[in-house]
Amino acid sequence: VFSSKPSPSSKDQDSTMRSTFDRPCHRLRARLVRPPRSRRVDDAGREPSRHAAVRRSGAPPPSAGAALCSRIGGARVLMTARATRKGPTTGGEESLGADVTAAYGALFFTLVAGNAPGLPGNILSPMPYFAALATCSIVIGSKRGLRNTEVEMISLKQGATAPIFLSFSLVGLYTLQRLDISLESFINGYFTILESVAGVTSLWPLHQAAAAKSGVLGKPVGTIDLSWISLESGETLPKEYGVKAGSVLLVLGCVALAVADRYGGENFTLNNLEACFIVTTWLELLGVNSFKTAVILLFGLLFYDVTWVFGSPKILELASRLLGGAGDFMPKNGSVMADVAMSPMLSTPTKFLFPRASALASSSSSSGFDFSLLGLGDVLVPGLLIGLLLRFDEQGSKEQNYFSSALAAYCIGLLVSFAASLVSSQGQPALLYLVPLTVGTAVFTAFKGSEFGDLWDYKASSKK
């Protein structure tokens, strides 16, 4: 809600066991000996995209890569496996691109600039602030997900059933809140772990870049046994893994930030930093396996968002009548979604926050929630589609601008959602504006490039 008011299979097991250092050499040898490919054109004189060529040849799509089975707080511990299997690098696949580096810089600048005098409390400040944080997080997560070989793909069935399971979860959280059942200790512990892992994962590329240039950060300080961690492919991590000074500092720093966010009092900048870590980590580790899945997932969650923002009072009123209640479960902030988002029980980095304008804060309800907010679902869900379009761009689309077009449409959707919230003086389901704009832009771009069939039939793989 945007509110200015309150087992993948592998054909060849040996290929998955091949070291990462052999793969670039293998690809280089293949390119050196491969004969030049003649250009083929269709009847209209246009060169067909690689997606169309693959579909005509009948070649099966590449199999999904194996994912780590060790989970901590819902996030996968990929940084250890990546460092073990690839080792420190000074460039190549692990080097930061100029666009990702710029996105990191813009993200940190936005977090700092949000505290500038005159901005907190300004009625127009949340829009550019939220847009910058969300856009930078999507760019970082999508670009890193493109390089990641351990992406967990959401299937068509999972995408279709997601709104149902999320509805049960939302109602459960709302019930716990209304019954004053405290889960503070469990939630704080869970998010301390989650934020620590997300922070290390998100900042790992910056750590690698710094360690490659600094002898002190790259200096080994000891070894640890990681042989108890096994991958789904059957591989196990080394028994003696060298721990570097930079890695120790990174882990300690991220744990300290997580503890400060959970137990150090309310700080919207620290909350938003941890929220960015969660977004970038999940967009790196999670993807959708096809454009069909993305469309079904996004429109299903749009229906879920609209239902629990606009329709929840009527749903609860009907349920209260059927159960003979007296309306005790009616939402205090206009909807179930708003009540859960503003609940002190869920004072967690599951949303971007910005201090609300004094006029709005003084006229707000008794909830004492004095922040404008943008839920992380309004970033993660469109981000999955934008990440898929980036893969489509990189793997052979003719237009080559699906990613940038969808990102621009996402920013416009946030602007429209923010304007609707100001005009109506109530929280808006941001997906109501974001989903049609991002999906519609992708479809328009595909028809413009005469490759809608390629986009609709595109199958993403966790292996690049």
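Per-chain numbering applies: the sequence of each chain, read as written, is numbered from 1 onward. In view of the model being predicted, local features appear only for residues whose pLDDT reaches at least 70, and side-chain atom pairs are presented and counted only at 80 or more, with totals across whole chains, interfaces and linings using the full set of residues. Hydrogen atoms and water are omitted, and side-chain values are computed over all heavy atoms in the structure.

**Q** Describe the pattern of salt bridges, and please don't skip the residues or the numbers.
**A** Salt-bridge detection follows one rule: a side-chain nitrogen of Lys or Arg within 4 Å of a carboxyl oxygen of Asp or Glu. What the rule picks out here adds up to four salt bridges. For the salt bridge of Arg144 with Glu284, the shortest nitrogen-to-oxygen distance reads 2.7 Å. Taken as a pair, Arg144 in helix H6 (residues 126-147) and Glu284 in helix H10 (residues 268-285) lie far apart in primary sequence, 140 residues in all. You can call Arg144 buried: its relative accessible area is 7%. Here Asp261 and Arg262 are joined by a salt bridge, their closest N and O atoms 3.6 Å apart. Each member of the pair Asp261 and Arg262 is classed as buried. When salt bridges with common partners are traced through the structure, they connect Glu195, Asp261 and Arg262 into a single cluster. The numbering of helices and of strands both runs from the N terminus, where a helix is a DSSP run of H or I of at least 4 residues and a strand a run of E of at least 2. A simple rule labels every residue: compare its accessible area, found with a 1.4 Å probe on the protein chains alone, to the largest value its type can have, and call it buried under 20%, exposed over 50%, or partly exposed in between.

**Q** So what's going on with a nonpolar patch on the surface? Residues and values would help.
**A** On the surface, a cluster of nonpolar side chains totalling about 330 Å² of accessible area is made up of Val251, Val255, Val259 and Tyr263. The residue Tyr263 is located in helix H9 (residues 245-263) in this model. Put simply, a patch holds well-exposed residues, over 30% relative accessible area, that have no salt bridge, with like charges counted together within 9 Å and Val, Leu, Ile, Met, Phe, Trp or Tyr side chains within 5 Å. Residue burial considers only the protein chains on display, and all accessible areas are found by Shrake-Rupley using a 1.4 Å probe.

**Q** An account of the nonpolar core is needed here, citing residue identities and associated values.
**A** Remark: nonpolar core denotes a set of buried residues (Ala, Val, Leu, Ile, Met, Phe, Trp, Tyr, Cys) joined through side-chain atoms within 4.5 Å. Phe291, Phe352, Val379, Tyr410 and Leu414 are the most contacted members of the largest nonpolar core, which totals 92 residues. Setting aside chain neighbours within four positions, we find Phe352 in contact with Phe130, Leu133, Ala134, Ser137, Asn272, Ala275, Cys276, Ser372, Leu373, Leu374, Leu376 and Val379. Counting residues in hydrophobic clusters, the runner-up holds five residues, among them Ile229, Leu237, Tyr241 and Val243. Whether two residues are in contact is decided by their heavy atoms, any of which lying within 4.5 Å being enough.

**Q** Account for helix H7 (residues 156-178), naming residues and giving values.
**A** Residues three or four positions apart in an α-helix share a direction because the helix packs 3.6 residues into each turn. Helix length check: H7, at 23 residues, gives a terminal C-alpha distance of 34 Å against a target of 33 Å (1.5 Å per residue), a fit within 8%. Axes are fitted to the seven residues ending at a residue and to the seven starting at it; the angle between these axes is taken as the bend at that residue. The largest bend in H7 is about 40 degrees, located at Ala162, with the proline Pro163 one to four residues further on. When H7 is considered as a whole, its buried residues turn out to be Gly159, Ala162, Pro163, Ser167, Leu170, Tyr174 and Gln177. With its phi angle positive at about 55 degrees, Asp180 sits one or two positions after the end of H7. Each residue after the first adds 1.5 Å to the expected span of a helix.

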